[in-house]
Each structure stands twice: as C-alpha cells, then as structure tokens.
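# Reading the structure
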Amino acid sequence: QVQLVESGGGLVQAGGSLRLSCAASGRTFSSYAMGWFRQAPGKEREFVATIDGSGGSRYYADSVKVRFTISRDNAKDTVYLQMNSLKPEDTAVYYCAATDDGRFYYTLRGQYNYWGQGTQVTVSS
C-alpha cells in the first residue's frame, strides 16, 4: 500500500509555470512507476505523463510534450511535474498515481493502483 499526497497547484496566468509535487509513503518508492493525470470539469480523467521506477524512461501526452517535465527523486519519495508555458486548457485537477510495477511506465488509468486526492491548477487567460 502507498499513500500519495499532491501539492503545488494554484492559480497562474497563461504562459506561466508551476511545479507539482507528489509525496509517497509506504513501500520502497523506486518499486513504483508513477504517473500524472488530470481532469477538467465535465471531462474524463486523462493521462498527462509517466515515469518508470528508476526515472530512466518517461512518456508524455502529446498535448503537454515539450512544455511539461516529469521527474522523480527516489531518495525523497517524491515525483514532480514541472509545467511551463501553461495554457488555459491546462486548467484541471491534477492527480498523482502509482502502480506496483516500476520496471516500466504506464499510460492507462486502469493500470494504476493508487491515487492521490488531487490538486487544482487554474490557468487564467
């Protein structure tokens, strides 16, 4: 079992930046692949970015590629999402997720076992 707590959300103007953090507690953090998802009002929760347990492999949704960077610090049991050049369409609740197999990364919601409570990101135009 792992508990996930996100932080770092807020209100930012278009073109600005935010860094989200997700602190994990439980089993050895490097054994988990991690992902970020987001859900805008009235929309399905969608994949944003993922990283394997070692941090050596990452994958992004096309909509955030180049602008967002996922990283992890296994010594601090934390995964990050650096978001640059934010757009109003990035407005959503952002969720951190973990899955038990850290050998690979995963892009589907159903592949994740554990979820955080979410943090709101609002980008004004």
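Residues numbered from 1 in each chain as written. Predicted model: local features only at pLDDT ≥ 70, side-chain atom pairs only at ≥ 80, totals over all residues. Heavy atoms only, no water.

### Remarks on the sheet that holds strand β1 (residues 2–7)
The strand order β1-β3-β8-β7 describes an open sheet built from four strands, whose pairing is antiparallel. This sheet does not close on itself; its edge strands, each paired only once, are β1 and β7 (68–73). Pairwise comparison of adjacent strand axes, ignoring direction, gives a mean angle of 15 degrees for this sheet. The pairing of strand β3 (residues 18–26) with strand β8 (residues 78–83) spans six bridges and is antiparallel. The residue bridging A23 from the neighbouring strand is T78, located in β8. (Pairing = 2+ DSSP bridges. Helix = DSSP H or I, 4+ residues; strand = E, 2+ residues; numbered from the N terminus. Axes fitted to C-alpha atoms, helices over the stretch in contact; angles between N-to-C directions.)

### Remarks on the pairing of β1
Side chains V2, L4 and E6 of β1 all project onto a buried face; the interleaved residues Q3, V5 and S7 project onto a face where none is buried. For β1 and β3, the ladder comprises six bridges, and the chain directions are antiparallel. In the strand pairing of β3, S7 is matched with S21. (Buried < 20%, exposed > 50% of the residue type's maximum accessible area, 1.4 Å probe, protein only.)

### Concerning the state of the cysteines
Evaluation of the coordinates by the stated rule reveals one disulfide. Across a sulfur-sulfur distance of 2.1 Å, C22 and C96 are joined as a disulfide pair. Here the S-S torsion is close to -75 degrees, and the disulfide linking C22 with C96 is therefore left-handed. With a gap of 74 residues between them, C22 in strand β3 and C96 in strand β9 (residues 92–99) connect regions that are remote in the sequence. (Disulfide = S-S within 2.5 Å.)

### Let's talk about the packing of aromatic side chains
Inspection of the entire model under this criterion finds seven aromatic pairs. Each residue in the set F37, F47, Y59, Y105, Y112 and W115 is aromatic and connected to the rest through ring pairs, giving one cluster. Above the ring of Y95, the side-chain terminus of R45 is found at 3.6 Å from the ring centroid. Geometry around F29 places R72 over its ring, the cationic atom sitting 4.3 Å from the centre. (Phe/Tyr/Trp six-rings, centres within 6.5 Å; stacked < 30°, edge-to-face > 60°. Lys NZ or Arg CZ within 6 Å of the ring centre and 35° of its normal.)

Shape descriptors only; they carry no functional weight alone.
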